[in-house]
Amino acid sequence: MSTPLITTRELAKSYALGGFTVQALRGVSVEINAGEFVAVMGPSGSGKSTFMNLLGCLDTPSGGEYLLAGDRVSGLGSDALAAIRNRRIGFVFQSFNLLPRTSALENIALPLLYSGVAGEERNRRATARLAEVGLADRGHHHPAQLSGGQQQRVAIARALVNDPVLILADEPTGALDTQTSCEVMALLQQLNAQGMTVVLVTHEHDIAEFAKRVITFRDGRVIEDHMVERPKDAAVLAAQLRAEQVVEEARP
Amino acid sequence: MNVLASIRIALRALRINKLRSALTMLGIIIGVAAVITMIAVGSGAQSQIEDQIKGLGTNLIILMPGSSTSGGVRMGAGSRNTLTEEDGYAIQRDVSAVQASAPTLRGTGQVVGGSGNWSTVFYGVSPEYFEARNWVVAQGKGFEAADIAGSAKVALLGDTVARNLFGDTDPVGQVIRIRKVPFTVIGTLEKKGQSLMGQDQDDVILMPISTARNRVLGQGAGRLRTVGSVSIKIRDGESMTEAEAQIRELLRQRHRIQPAQEDDFTLRNLSEVLSAREESSKIMGLLLAAVASVSLLVGGIGIMNIMLVSVTERTREIGLRMAVGARGRDILTQFLVEAITLALIGGLLGIALGVSSSVAIGKLAGWPIQLGIEPVALAVGFSAAIGIFFGFYPARKASRLLPIEALRYE
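Residues numbered from 1 in each chain as written. Chains lettered and ligands numbered in written order. Predicted model: local features only at pLDDT ≥ 70, side-chain atom pairs only at ≥ 80, totals over all residues.

### With respect to the overall build of chain A
This is how the line gets drawn: Only DSSP runs of H or I reaching four residues or more are called helices, and only runs of E reaching two or more are called strands; each is numbered from the N terminus. Taken over C-alpha atoms, the radius of gyration is set against a globule rule of 2.2 Å times the number of residues to the power 0.38. Here a residue counts as buried when 20 or more other C-beta atoms fall within 10 Å of its C-beta, as exposed when 12 or fewer do, and as partly exposed in between; the C-beta atoms come from the backbone. Residue pairs are scored as contacts if the distance between their C-beta atoms, which are placed from the backbone, is within 7 Å.
When helices and strands are counted, chain A shows eight helices and 11 strands. Scaling as 2.2 N^0.38, a compact globule of 252 residues should have a C-alpha radius of gyration of about 18 Å, and chain A matches this with 19 Å. The buried share among the 252 residues of chain A stands at 47%. Across chain A, contacts joining residues at least 24 apart in sequence account for 70% of those joining residues at least 6 apart.

### A short note on the interface of chain A and chain B
Of the residues lining the interface, 18 residues belong to chain A; the matching set on chain B comes to 16 residues. Of all the elements in the fold, those that place two or more residues in the side of chain A that touches chain B are α2 (78-87) and α3 (104-113) of chain A. A total of six residues in the side of chain A that touches chain B trace back to one element, the largest contributor, which is α2(A).

### Details of unusual backbone geometry
Non-glycine residue A:Phe96 carries a positive phi angle of around 65°. Within the secondary structure, A:Phe96 is located in the loop between β7 (89-92) and α3. Look at A:Phe96 and you get buried, because 22 C-beta atoms sit within 10 Å. A positive phi angle is found at B:Arg179, which is not glycine, with a value near 45°. Its place among the elements puts B:Arg179 in the loop between β8 (175-178) and β9 (181-189). Residue B:Arg179 is classed as partly exposed on the basis of its 15 C-beta neighbours within 10 Å.

### Observations concerning the packing of helix α1 (residues 3-16) of chain B against helix α11 (residues 328-365) of chain B
All names here are of chain B. Formally: Lines fitted to the C-alpha atoms define the axes, with helices restricted to the stretch that makes contact. Angles between their N-to-C directions range from 0 to 180 degrees. A clockwise turn of the near helix away from the far one marks a right-handed crossing, whereas an anticlockwise turn of less than a right angle marks a left-handed crossing. Think of it as three bins: nonpolar holds Ala, Val, Leu, Ile, Met, Phe, Trp, Tyr, Cys and Pro, charged holds Asp, Glu, Lys and Arg, and polar takes everything else, Gly as well.
Contact pair α1 / α11: the axes reach a minimum separation of 8 Å and the direction vectors enclose 65°. Of the two elements, α1 crosses α11, and the hand of that crossing is right-handed. For the pair formed by α1 and α11, the contact residues are Val3, Ser6, Ile7, Ile9, Ala10, Leu11, Ala13 and Leu14 on the first element and Thr333, Gln334, Val337, Glu338, Thr341 and Leu342 on the second. Residue composition of the contact of α1 with α11, grouped by class: nine nonpolar, four polar and one charged.

### Looking at the sheet that holds strand β9 (residues 197-201) of chain A
Residues and elements named next belong to chain A. Formally: Any two strands with at least two DSSP-identified bridges between them are counted as paired.
Spatially, β7-β8-β9-β4-β10-β11 is the arrangement adopted by the six strands of the open sheet, whose pairing is mixed. Where the open sheet ends on each side, the last strands, each with one partner, are β7 and β11 (221-227). Taken over all neighbouring pairs, the strand axes of this sheet differ in orientation by 15° on average, direction set aside. When strand β4 (residues 37-41) meets strand β10 (residues 213-218), the two strands line up parallel, connected through four bridges. For Ala39, the partnering residue across the bridge sits in β10 and is Val214. In this fold helix α5 (residues 148-160) packs onto β7 and β8 (166-170), with an angle of close to 170° to the strand it touches most, β7. Helix-sheet contacts for helix α6 (residues 178-193) involve β4, β8 and β9, and the interaxial angle to β9 is about 150°.

### Some words on the domain arrangement of chain B
Put simply, the rule is: Residue ranges assigned to the domains are those given by an automatic or database domain assignment.
Here chain B is described as being made up of domain 1 (3-52 + 276-408) and domain 2 (60-269). Taking only C-alpha atoms into account, the centre of domain 1 of chain B sits 59 Å from that of domain 2 of chain B.

### Comments concerning the environment of B:Tyr393
Residue and element names in this part refer to chain B. Among the secondary structure elements, Tyr393 is positioned in helix α12 (residues 373-399). Residue Tyr393 is classed as partly exposed on the basis of its C-beta count, with 15 C-beta atoms lying within 10 Å. Considered as a pair, Tyr393 and Asn2 are 391 residues apart in the sequence and their alpha carbons are 21 Å apart.

### Here we look at the pairing of strand β11 (residues 229-234) of chain B
Residues and elements named next belong to chain B. Among the six residues that make up β11, six are buried, leaving the element largely enclosed by the rest of the structure. Of the two faces of β11, the one carrying Ser229, Ser231 and Lys233 and the one carrying Val230, Ile232 and Ile234 are both buried. Two elements, strand β1 (residues 60-65) and β11, share four bridges in a ladder whose sense is antiparallel. Bridge pairing links Leu60 to Lys233 in β11. In this sheet, β11 lies alongside strand β4 (residues 98-113) in antiparallel orientation, the contact comprising six bridges. The partner of Val98 across the bridge, within β11, is Ile234.

### So, the nonpolar core
For clarity, the threshold we go by: By definition, a nonpolar core groups buried Ala, Val, Leu, Ile, Met, Phe, Trp, Tyr and Cys residues that connect through C-beta atoms lying within 7 Å of each other.
A:Val40 and B:Ala339 are the most contacted members of the largest nonpolar core, which has 124 residues in total. With 11 residues, the top contributor of residues to this core is α11(B). Contact partners of A:Val40, with chain neighbours within four places excluded, come to A:Lys48, A:Phe51, A:Met52, A:Val199, A:Leu200, A:Val201, A:Ile215 and A:Phe217. One finds B:Val95, B:Phe143, B:Leu157 and B:Val185 within the second-largest nonpolar core, a separate group that totals 47 residues.

### Focus on the confidence of the model for chain B
Residue and element names in this part refer to chain B. Short version of the rule: For every residue, the pLDDT score states the predictor's confidence, bounded by 0 at the bottom and 100 at the top.
Overall, the prediction assigns chain B a mean pLDDT of 85, with 92% of residues at 70 or greater. Strand β2 (residues 69-70) is the least confidently modelled element of chain B, averaging 66 in pLDDT, while helix α10 (residues 315-323) averages 93, the highest of any element. Taken together, the chains of this predicted complex give a pTM of 0.70 and an interface ipTM of 0.93.

Below is the structure:
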């Protein structure tokens, strides 16, 4: 078998917090192959977010090893990590993290600004990504003029704009209602179907059921790692919810 | 990331907090405007003062004979009879930096004329004297070559003498007696007022040098035709010290002084006034620098303060930018450009305010103002430097944030 996209060996992270050390991650070894859709679950304080931040090169481990597509990432300097975040990883956050008073297109183009892509090319690529997430007509809207679901889709378009190898989503549906959550998950499933590797952190079982594989954390360790036999189809669910709502509204 | 993109981001960030940005700029605006106004008014005043000082004769050298020694007692400057009228003419002829060189004889005496009498100083002068000492004939006419050649008994009266002898009546054409010698008054001199030493410069009578020598002082005999002093005016823009050196060289040759010997003459100038002028411009410069640095420092601290607030407020934005691939130096550039943009816009507004207030002051107060390109360039450079200097610390603070901590910042 080819090299896994993500390999961690005994990955550990500890924080100094008010005089004593907190072991957030106590040696995690997992392999994730290209094309997988993984949900990382666990209660708060289980280390799942810490694991996610390490995968995203937002934080550096205090022990163990992390290889991204065979390249050793742990131990790289901050500029090299910035380059990896810029070109190989796309982030989707719970609170969307779009720049306020900045158009959707410019938000999507943001990563390209830091990889030295010229203005016209930036605009072209951002426009294409915006169309892919179904918001072609909202390019010049500011985040405040978009609904939560639309904002998250803009954020997904931003994550995709630099053609990353990995999408990391940290509670992407945490701030959304059920139907919008399903729509966002449908979009992620669609991307995964096209071959994109998606790693998603959530504490909701409903959301984890859309993934193909679920890794469960507790107290800084992996306690369970299993494949989902038949992941639910978010698009179908979203359609059902929409239909129900139509019926609801039609009622006198 | 290029500079243009950084400037666009900076302008957007500044637009978001319009009032705050404007208030922050106010420090720089006032600072730059103050500097430009002060330089405009200050240099206008200075050039006016310089003109006045020039009128006093800072480019004037007085040449006098050296001291004589009699039985071991030195008699002081001017006590020897080594200086001749010809020396004065030779200086005029041979030293190119000299505009006018006027040999002068001085005497005092009782003057009788009109309705009274008056004791005053009279000078026997050559026509160059008027140019050398900035005398202007107010009424009547000056000396002509024929007056000098023929030792004509004609005189020009200073304002004080004219008033004391004739009161309000016109003295031109009247006859006066100087040491009992009758003279015709051919003109009066324009009023000069007091000298720096408090002497009345208008208490004076001018007559041809030949007349003074032959008819009043009685020094006609003798071949040398000695004079009491020579007034030498140096052309504008020529170096005083260089001109002095040339005059000294010429006189040493003419007087056949051996290299080891001392000069038998002295050269004096108004170096005190000159150094006073330098002092005044130095003080003016210091004053400007003090005002400029205080106000620009205050403006700069304002910028630093607001940039620190801005970095704190936008920590999450910084975190996000880092998450999508901004390096530390991208963040540094962004905030630095923002600070510089803030300072430069403030600087440009300050220039506009400074120039218009200078013009307004010039119009309203009637002061001479002088607007140059240098203070404007200086102000622009200074504001950019302030942006860099006071923006660097907040920008570096932003660039050193850890991405994960910045993202999680509440």
